[in-house]
Amino acid sequence: MDSPFAMFAQCISHIISLITPGNASKLSSTYPAFKSVVDSDSVWEKFLPSDYKKIISISSFSTSSLVTSLSKKKLYFHLCYNPILINNNTMSFALDHESGKKCYMVGARGLSITWGSSPQHWKWLSLPESRFPEVAELKLVWCFEIMARIETKILSSKTNYATYLVFKFVETREGFETRPIEFDVYFEGNDTHKMHSALLDPPANMPLLSLNRRDGWMEIGIGEFFNENGDDGAVICRVCESEPTPKCGIIIEGIELRPKNGR
């Protein structure tokens, strides 16, 4: 028969597992008497995605020790702040620290980039500030188009996702200050599109819609969508120019999907 303390701990563990990971972490520091229960593997296992072991097993480097060496709480926060590379280094996976929802970034090598394989138009290089082995620098194109395709089954269900183009400019750039870029997010096969446009590099007298990230890159919102049960097939994130004009001087790291208002 379980002791009264064990039964109490089980009750507390169950209650804590029903709140958000962010609140559970705050509870641990606020009430030291509950710390051992709040920080237990049984609690934090429930905050991790059900397929986290499978995702880690297909990462681009050996992380099997990650599962066995870290407590579930430490593993959770490791995945929040240390994205792991999957799909042959073309995608990264992380967790939103507050909700535990899945976050993905499709790296430049995983994107469909018009003329991306042409050395005359795009240059592939490595940057120390990028999580990916390679990023794409635009040399010169008249047709600027970037697209990501993500299967909805890998995303968290019942979740509002926001999508972002992650980029930076080189010192010498052209074309992004005068012609707007169009952004579009839609489910594959669905004709309902919610497009909007914006200048990526607006003049000083216009508002800057892109934001600086903590990792040294910039981001601008592409659009949002709701992932019901992950059975919509795939979501398409598209970035393109409204009118063909010469453009150069942008570096693309990828397209990120994360829970709306997350991180």
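No experiment lies behind these values; they were computed from the predicted model shown. (Residues numbered from 1 in each chain as written. Predicted model: local features only at pLDDT ≥ 70, side-chain atom pairs only at ≥ 80, totals over all residues. Heavy atoms only, no water.)

Peer 1: Any chance you could break down the sheet that holds strand β9 (residues 181-187) for me, citing the residues and the numbers?
Peer 2: An order of β4-β7-β13-β9-β10 is seen for the five strands of this open sheet, with the pairing classed as antiparallel. Edge positions in the sheet fall to β4 (112-113) and β10 (196-198), since each of these pairs with one other strand and no more. Pairing analysis gives seven bridges linking β9 to strand β13 (residues 234-241), with the strands arranged antiparallel. Across the sheet, the residue bridging to Ile 181 is Glu 241, located in β13. (Pairing = 2+ DSSP bridges. Helix = DSSP H or I, 4+ residues; strand = E, 2+ residues; numbered from the N terminus.)

Peer 1: So, the packing of aromatic side chains: which residues are in play, and what are the values?
Peer 2: Across all of its chains, the model carries 11 aromatic pairs by this definition. Residues Trp 44 and Phe 47 carry aromatic rings whose centres are separated by 4.9 Å and whose planes lie at 75 degrees to one another, so their mutual orientation is edge-to-face. Taken together, the residues span about one helical turn, with Trp 44 and Phe 47 both in helix α4 (residues 41-47) at a distance of three residues. Here Phe 47 falls in the buried class, since its relative accessible area comes to 8%. With 5.5 Å between their ring centres and 50 degrees between their planes, Trp 44 and Phe 77 make a pair best called tilted. (Phe/Tyr/Trp six-rings, centres within 6.5 Å; stacked < 30°, edge-to-face > 60°. Buried < 20%, exposed > 50% of the residue type's maximum accessible area, 1.4 Å probe, protein only.)

Peer 1: Tell me about the side chain of Lys 247, and name the residues and values.
Peer 2: Positionally, Lys 247 belongs in the loop between β13 and β14 (248-259). Judged by relative accessible area, which is 0%, Lys 247 ranks as buried. Discounting residues that sit within four places of it in the chain, Lys 247 has contacts with Leu 138, Lys 139, Leu 140, Val 141, Phe 144, Glu 174, Gly 175, Phe 176, Arg 179, Ile 181 and Glu 241. (Contact = heavy atoms within 4.5 Å.)

Peer 1: How would you sum up the side chain of Glu 219? Please name residues and give values.
Peer 2: Inspection of the secondary structure assignment puts Glu 219 in strand β12 (residues 218-227). Classification of Glu 219 as buried rests on a relative accessible area of 9%. A distance of 2.7 Å separates a polar atom in the side chain of Glu 219 from a polar atom in the side chain of Arg 213. Setting aside chain neighbours within four positions, we find Glu 219 in contact with Tyr 164, Leu 165, Phe 167, Ser 210, Leu 211, Arg 213, Glu 256 and Arg 258. (Polar contact = N/O pair within 3.5 Å; in protein donor to acceptor, adjacent residues only side chain to side chain.)

Peer 1: Break down the pairing of strand β2 (residues 91-95) for me, citing the residues and quoting the values.
Peer 2: Every regular strand shows the same layout, with side chains that alternate between the two sheet faces. The element β2 is largely enclosed, with a buried count of five among its five residues. The side-chain alternation of β2 yields two buried faces, one formed by Met 91, Phe 93 and Leu 95 and the other by Ser 92 and Ala 94. Both strand β1 (residues 84-86) and β2 contribute to a ladder of three bridges, which runs antiparallel. Residue pairing for β2: Ile 84 is matched across the bridge by Phe 93. The pairing of β2 with strand β3 (residues 102-107) spans five bridges and is antiparallel. When the sheet's bridge partners are listed, Phe 93 is paired in β3 with Tyr 104. Counting the residues that bridge the hairpin from β2 to β3 gives six residues, and of these Gly 100 lies at a positive phi of roughly 80 degrees.

Peer 1: How would you summarise helix α7 (residues 72-81) if you had to cite specific residues and measurements?
Peer 2: Side chains of residues three or four places apart in an α-helix project in the same direction, reflecting 3.6 residues per turn. Lys 72, Lys 73, Leu 75, Tyr 76, Leu 79 and Cys 80 are the residues of α7 that are buried. Mapping the buried residues of α7 onto a view down its axis gives an arc of 165 degrees, with all of them on the same face. (Arc of directions from axis to C-beta.)

Peer 1: Quick one: what's the story with the environment of Leu 111, residue by residue and with numbers?
Peer 2: Residue position: Leu 111 is located in the loop between β3 and β4. If sequence neighbours within four positions are ignored, Leu 111 has contacts with Val 106, Ile 146, Met 147, Ala 148, Ile 252, Gly 254 and Ile 255.

Peer 1: Any details on the nonpolar core? Residues and values, ideally.
Peer 2: Buried together is how nonpolar side chains tend to be arranged in soluble globular proteins. By size, the foremost hydrophobic cluster in this structure holds 55 residues, and its most contacted members are Trp 122, Phe 144, Ile 146, Leu 165, Phe 167, Leu 200 and Ile 250. There are two domains that each give this core at least three residues, and those are domain 1 (4-82) and domain 2 (103-259). Met 105, Leu 125, Val 166 and Trp 217 belong to the second-largest nonpolar core, a separate cluster that totals nine residues. (Core = buried A, V, L, I, M, F, W, Y, C linked by side-chain atoms within 4.5 Å. Domains from an automatic or database assignment.)

Peer 1: Describe the environment of Tyr 104, and please don't skip the residues or the numbers.
Peer 2: Inspection of the secondary structure assignment puts Tyr 104 in strand β3. Among the residues examined, Tyr 104 registers a relative accessible area of 4% and is labelled buried. C-alpha separation for the pair Tyr 104 and Ala 94, spaced 10 residues apart in sequence, amounts to 6.4 Å. Excluding residues within four positions of it along the chain, Tyr 104 makes contact with Ile 55, Ile 86, Met 91, Ser 92, Phe 93, Ile 154, Leu 155, Ile 255, Glu 256 and Leu 257. Polar contacts involving the side chain of Tyr 104 include one to the main-chain carbonyl oxygen of Ile 154, which spans 3.3 Å.

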